[in-house]
Amino acid sequence: MDASVDRIGQPWGGRTPYGRHERWPTRVDTYLEPGVDPDRVRWVQAASVLHSDGDAMDIAVVDGRMAGVRGRAGDRVNRGRLGPKDLFGWRANTSRDRLTRPLVRENGRLVECDWDTAMGRIAVRSHNLLADRGPGSIGFYTSGQLYLEEYYTLAVLARAGIGTNHLDGNTRLCTATAAEALKESFGCDGQPGSYDDIDHADVIALFGHNVAETQAVQWMRILDRLDGADPPRLVCVDPRPTRVARRAAVHLAPRTGTNVALLNALLHEIIRTGRVDRDYVAAHTVGFEELESRVAGCTPRWAAGICDVPAASIGAAAELLGTADRLLSTVLQGIYQSHQATAAAVQVNNLHLIRGMLGRPGAGVLQMNGQPSAQNTRECGADGDLPGFRNWQNDGHVADLARVWNVEPGTIPHYAPPTHAMQMFRYAEQGSIRMLWISGTNPAVSLPELSRIRSVLAQDRLFVVVQDLFRTETAQLADVVLPAATWGEKTGTLTNADRTVHLCDKAVEPPGEARPDLDIFLDYAARMDFRDKDGRPLIGWHDPESAFEAWKACSAGRPCDYTGLTYDRLRGASGIQWPCNEHAPDGTRRLYTDGISWARPDLCESYGKDLGTGAADDAAAYRALNPDGKAVIKAADYLPPHEQPDERYPFHLTTGRTLYHFHTRTKTARAPQLNAAAPDVWVEAAVGDADALGLAEGDLVEVATPRGALRGRLRVTGIRPGLLFVPFHYGYWDTEGGHGPHGDIPGRAANETTVTDWDPVSKQPLFKTAVAALHLVARGDGRPAPAPTTTASAPARADAVPPTTGGPTALAASRADRTEGAR
């Protein structure tokens, strides 16, 4: 990294412009701790775990400790670039408050113990529950940050060992709609497009996707295209003035919860103006006539009244989408966490299907992920699906999985859909789930309506196991806490949002007695003595590489086929995209280059659902609709959101991410440079709304909803009027009390306020649909909000707030951390 470039204040670094259809130039970003001699460094390969980009990097190791990182120049994803979380996030590994020994609850307090005691308690409780209440009394809630090998092991022990239907990941909060939308349209999960499509597209449309902050390196790629020859034109759908919005040819900022109305109007205009590729539609799709009929009245003027967006702007966006030579669309939380999530995401797929924009360089859709291994949870069956994208309603798929695991088909629960996370917590609340094992996630901050979640986790009858790096807000409520090793301290693979598989090698030893998640799951399986139908151990692997080989056997012949990959192939080379097998030995850049591959009734991962109610179709209905296995163009009518502003709650409230933090800050808040850039929660409001309430930059305000309230300092921005924004990252581990609001004072966690509601199709919680009130608590006395100025949170008046930098504050914090955190 160029020492003159402040990668907090200039998070996307310098430009390397390139033209359309050219290769993205290499730029290697490096950060080493001050004083480290580069000649003494041993470099160990890895990939990022603080977003879904899959940025390949090497970890610098000096004297057995991490000392920095650098981008991998030859990698297809990032060509050597790293974002701020990549460059500085690794510092969390050496934080002084890492968990180093197991904890068990004694007399209401968590106390240290040995591994045998902790695991023994878990095994005894598991055996007793299985004997007394059956497999449905045990549930597993995992993450989007473990490795493929760990998810697959967890899926086998949960589905075939315990026999429970209750296994899901926190990917339910960020990527469930992506998976469901792909299944609805293409019969199968798996991203059709590729990051390489950025190099070729002439129009890039970003629907609810703040790529500049969620996938910073791909924003660097778009910026380099924008500065090169024949730049793409951007269409941005986002209610906030993101960096994407500022560079867009057309920026649409719709009212919260109206995405389907906006997308139906775009589809209407493309059809009305004759921009449909009718040959492609006839050859590769079913359902176009229904779509054409349903959107016939969805004019831009109609949508403008619902979305509060100028009809002319809707028409301008439709013109760009309809005339694009090669259209790339990306979708993320602004769609997934909002009202009618799956219905909206499917309409983006429909844009590509009716225009024939699939399977060619620059013509693709990316239903993006939010986490580094969200794709792996879906592939491995750790997020509410069966492993290998098998269909739980298809007895042949269940029998095939039973063959792989050498168990009877009846062993694998498939009497109902796999239980989604929100339902699991409801079952725990009602008392049917009596043991909940939470690995690598922090629901006491990340789930909606936190007062309810804390009460569920604190029940005496619920035995809570938490497996994590730190004493999180959730760990504070656990009965057993297991110290886990993390990235850089263990080996495994990650698959990013465009199906690229990377190997992360172990670089250093974990602290104290912390263990890899894989080792913990294998220990549990051994203690439970899980067996296959021939009496052999159900789980026959013993380390990451043998677990990977077992997964390959499970993936063989499935859409996510890994059989052409090995650790040796992944070590020392660029990432490789699945499917990778004998037919595609070098991986597959794009899906659906020769039509739709996995939508036939006997192959598809899902028979589809009603986009309004979520009711599942059966095999007969699907076969009648789509006997030849084409893509399904599925229409959806706009439905108003469940909550609407009123006199008491006149605002909409949306939550989201910031560039410098990841999830609940368990890692990024322990990286001094990142924490200094965004040290505390804030509330964003529009200029006109702040003026009407007599509020100013830095005032301490309270946001209240029917569920609860939070307090933070006000940032006045260019956000759309009537909307409030709060970042969801901030919890309580670094405050008095440690796991929730203190006393009668409202907390700072955004999810104190969000609603317990979810999309009927994907079951993804709706974090962007609450109604809220905004009140002054105390004047700011000239102090600005602790929000970055480099991002969508930039103040409306540029001179109102000092710029965000990696300057003295961050550097001082860095020096202090090195002094206090050395081990």
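Each remark here, short or long, concerns the structure printed above.
Residues numbered from 1 in each chain as written. Predicted model: local features only at pLDDT ≥ 70, side-chain atom pairs only at ≥ 80, totals over all residues. Heavy atoms only, no water.

### Here's the deal with the environment of Asp385
Counting through the fold element by element, Asp385 comes out in the loop between α15 (374-380) and α16 (395-405). You can call Asp385 buried: its relative accessible area is 11%. Among residues more than four places away in sequence, those in contact with Asp385 are Arg159, Lys183, Arg378, Pro418 and Glu605. For Asp385, the side chain forms a polar contact with the side chain of Lys183, separated by 2.9 Å. (Helix = DSSP H or I, 4+ residues; strand = E, 2+ residues; numbered from the N terminus. Buried < 20%, exposed > 50% of the residue type's maximum accessible area, 1.4 Å probe, protein only. Contact = heavy atoms within 4.5 Å. Polar contact = N/O pair within 3.5 Å; in protein donor to acceptor, adjacent residues only side chain to side chain.)

### Focus: the pattern of salt bridges
A full pass over the atoms with the stated rule returns 64 salt bridges. One salt bridge connects Glu702 with Arg711, and the closest N-O pair in it is separated by 2.8 Å. Taking the relative accessible area as the measure of exposure, Glu702 reaches 18% and is therefore buried. In this structure Arg711 comes out as partly exposed when scored by relative accessible area, which is 28%. (Salt bridge = Lys/Arg side-chain N within 4 Å of Asp/Glu carboxyl O.)

### Thoughts on the nonpolar core
Residues Phe207, Trp219, Leu266, Ile354 and Trp487 are the most contacted members of the largest nonpolar core, which totals 121 residues. Looking at this core, the element that brings in the most residues is helix α8 (residues 259-272), giving nine residues. Excluding its chain neighbours within four sequence positions, the residues that come into contact with Ile354 are Leu267, Ile270, Ile271, Arg275, Val276, Asp277, Val281, Phe288, Leu291 and Ile633. Counting residues in each nonpolar core, the second largest holds 66 residues, with Leu167, Phe463, Leu503 and Tyr562 among its members. (Core = buried A, V, L, I, M, F, W, Y, C linked by side-chain atoms within 4.5 Å.)

### What about the pairing of strand β27 (residues 770-778)?
As paired strands, strand β22 (residues 651-656) and β27 are joined by three bridges and run antiparallel to one another. Considered in β27, the bridge of Phe651 is made with Ala772. (Pairing = 2+ DSSP bridges.)

### Details of the side chain of Gln375
Of note, Gln375 is situated in helix α15. Judged by relative accessible area, which is 0%, Gln375 ranks as buried. A distance of 3.4 Å separates polar atoms of two side chains, one belonging to Gln375 and the other to Asn369. Apart from the residues lying within four places of it in its own chain, the contact partners of Gln375 are Asp189, Gly190, Gln191, Asn369, Phe389, Thr495, Asn496 and Trp578.

### Some remarks on the sheet that holds strand β19 (residues 500-504)
Whenever strands of a sheet pair, they do so through backbone hydrogen bonds, lying parallel or antiparallel. The strand order β18-β19-β20 describes an open sheet built from three strands, whose pairing is antiparallel. This sheet does not close on itself; its edge strands, each paired only once, are β18 (492-495) and β20 (576-577). Where β18 lies against β19, four bridges are found, and the strand directions are antiparallel. Each residue of the ladder has a partner; that of Thr493, found in β19, is Leu503.

### Some points on the packing of aromatic side chains
Taken as a whole and assessed by the stated rule, the structure comprises 16 aromatic pairs. Both rings, one in Tyr31 and one in Trp90, keep their centres 6.4 Å apart while their planes meet at 45°; by these two values the pair is tilted. Here Tyr31, found in strand β1 (residues 30-32), pairs with Trp90, found in the loop between α1 (84-88) and β5 (103-106); they are 59 residues apart in sequence, far enough to count as distant. With a relative accessible area of 3%, Trp90 lands in the buried category. An aromatic cluster is defined as three or more aromatic residues linked by ring pairs; in this entry it consists of Tyr152, Trp541, Phe548, Trp551, Tyr562 and Tyr567. The residue whose ring lies beneath Arg670 is Trp733, and the NZ or CZ to ring-centre distance is 3.7 Å. (Phe/Tyr/Trp six-rings, centres within 6.5 Å; stacked < 30°, edge-to-face > 60°. Lys NZ or Arg CZ within 6 Å of the ring centre and 35° of its normal.)

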